[in-house]
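Notes for the structure review
Spelled out from the first residue to the last, the chains are:
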Amino acid sequence: MNYIVFDTLVGKIKVIEEDNKIIEIKFVKDKNNIDSKNKVLKLAKKELEEYFCGKRKNFTFPFKVDGSEFALKVYKALTEIPYGETCSYKDIAKKIGNENSQRAVGGANNKNKLPIIIPCHRVIGSDGKLVGYAEGIEIKQKLLELERKNLRY
């Protein structure tokens, strides 16, 4: 398992690679940046930096998603939320065919190990309020503002 740590618009993030796939992205409080010669990590860093500069909306680096069958359905639905847009937990529950699973959708979002790539920050409350982001509402707000600002590119 290899990793890098670098600065972004929302603080430091740690990107973890295993078997030539990104398996986790974490928001961290590390003091030092850590670089790597690993090609997948270098590509992930480049693409994430482009995202934070508003120049990238989709990612091409290989990644691996783990989770229950339910969580994988939620993650697939999350990847279908267009850049710069939002939807509610209820919308996701309906999309995966289980209208009453809003809390479970929230639980799956909370376990998402690939934030930004699987854009759980785009899910908001039914009333339009920013709720339920494992990394904190402030980071969620910054990510949504970044995407809205760069929609025209």
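In what follows, the structure referred to is the one given above.
For every chain, the first residue of the written sequence is number 1, and numbering continues from 1 along that sequence. Selection of residues for local features in this predicted model requires a pLDDT of at least 70, selection of side-chain atom pairs for listing and counting requires 80 or more, and totals for whole chains, interfaces and linings are taken over all residues. Hydrogens and water are ignored here; the side-chain numbers use all heavy atoms of the structure.

Another aspect to go through is the environment of Leu-151. Strands are runs of DSSP state E lasting at least 2 residues, helices are runs of H or I lasting at least 4, and numbering of each runs from the N terminus. Note on placement: Leu-151 falls in the segment after helix 5 (137-149). When a residue's accessible area, from a 1.4 Å probe over protein chains only, is under 20% of the maximum for its type it is buried; when over 50% it is exposed; and in between it is partly exposed. A residue is classified by how much of its surface remains accessible, and Leu-151, at 43% relative accessible area, is partly exposed. For the pair Leu-151 and Phe-61, spaced 90 residues apart in the sequence, the C-alpha separation amounts to 22 Å.

The next subject is helix 1 (residues 39-52). One less than the residue count of a helix, multiplied by 1.5 Å, gives the span that helix is expected to have. In this model helix 1 runs 20 Å from its N-terminal to its C-terminal C-alpha over 14 residues, within 8% of the 20 Å that 1.5 Å per residue would give. Residues of helix 1 that are buried sit in contact with strand 1 (2-8), strand 2 (11-18), strand 3 (21-28) and helix 5. Each polar contact in these results corresponds to two N or O atoms within 3.5 Å; when the atoms are within protein, one needs to be able to donate a hydrogen and the other to accept it, and residues that are neighboring in sequence are counted only if both atoms are side-chain atoms. Two to three positions downstream of the cap, the backbone nitrogen of Val-40 sits 3.0 Å from a side-chain oxygen, assigning the N-cap of helix 1 to Asn-38. For this analysis, residues touch if any pair of their heavy atoms sits within 4.5 Å.

Strand pairing in a sheet relies on backbone hydrogen bonds, with the paired strands running either antiparallel or parallel. Strands were regarded as paired on the criterion that DSSP finds at least two bridges between them. Strands sit in the order 1-2-3 across an open sheet of three strands; the sheet is antiparallel. In the strand order of this sheet, the two ends are held by strand 1 and strand 3, each with one partner. Across the sheet, the axes of successive neighbouring strands diverge by a mean angle of 20°, strand direction being ignored. As judged from the seven bridges shared by strand 1 and strand 2, these two strands associate in the antiparallel manner. Its bridge partner lying in strand 2, Asn-2 is registered against Glu-17. To define axes, lines are fitted to C-alpha atoms, for helices over the stretch in contact only, and angles between the resulting N-to-C directions are given on a 0 to 180 degree scale.

Here we come to the layout of surface pockets. The pocket and cavity definitions rest on a 1 Å grid over protein atoms only: a 1.4 Å probe that fits but cannot leave marks a cavity, an open set with protein on both sides within 12 Å along at least five of seven lines marks a pocket, and residues lining either have an atom within 4 Å of a point. Grid points are joined across faces, edges and corners, and a volume is the space filled by probe spheres set on the points. Considering only enclosed or pocket space, the largest pocket measures out at about 180 Å³ in volume. Ten residues, namely Ala, Val, Leu, Ile, Met, Phe, Trp, Tyr, Cys and Pro, are considered nonpolar, four, namely Asp, Glu, Lys and Arg, are considered charged, and the remaining ones, Gly among them, are considered polar. A per-class count over the lining of the largest pocket returns nine nonpolar, two polar and two charged.

Definition used in this section: a nonpolar core is a set of buried Ala, Val, Leu, Ile, Met, Phe, Trp, Tyr and Cys residues joined via side-chain atoms within 4.5 Å. Core analysis: the biggest nonpolar cluster contains 40 residues, and Val-15, Ile-22, Leu-48, Leu-78 and Ile-92 have the highest contact counts within it. Those elements giving two or more residues to this core turn out to be strand 1, strand 2, strand 3, helix 1, helix 2 (69-79), helix 3 (89-95), helix 4 (102-110) and helix 5. Excluding residues that lie within four positions of it along the chain, Val-15 makes contacts with Asn-2, Tyr-3, Ile-4, Phe-6, Ile-22, Glu-24, Ile-25, Leu-41, Ala-44 and Leu-48.

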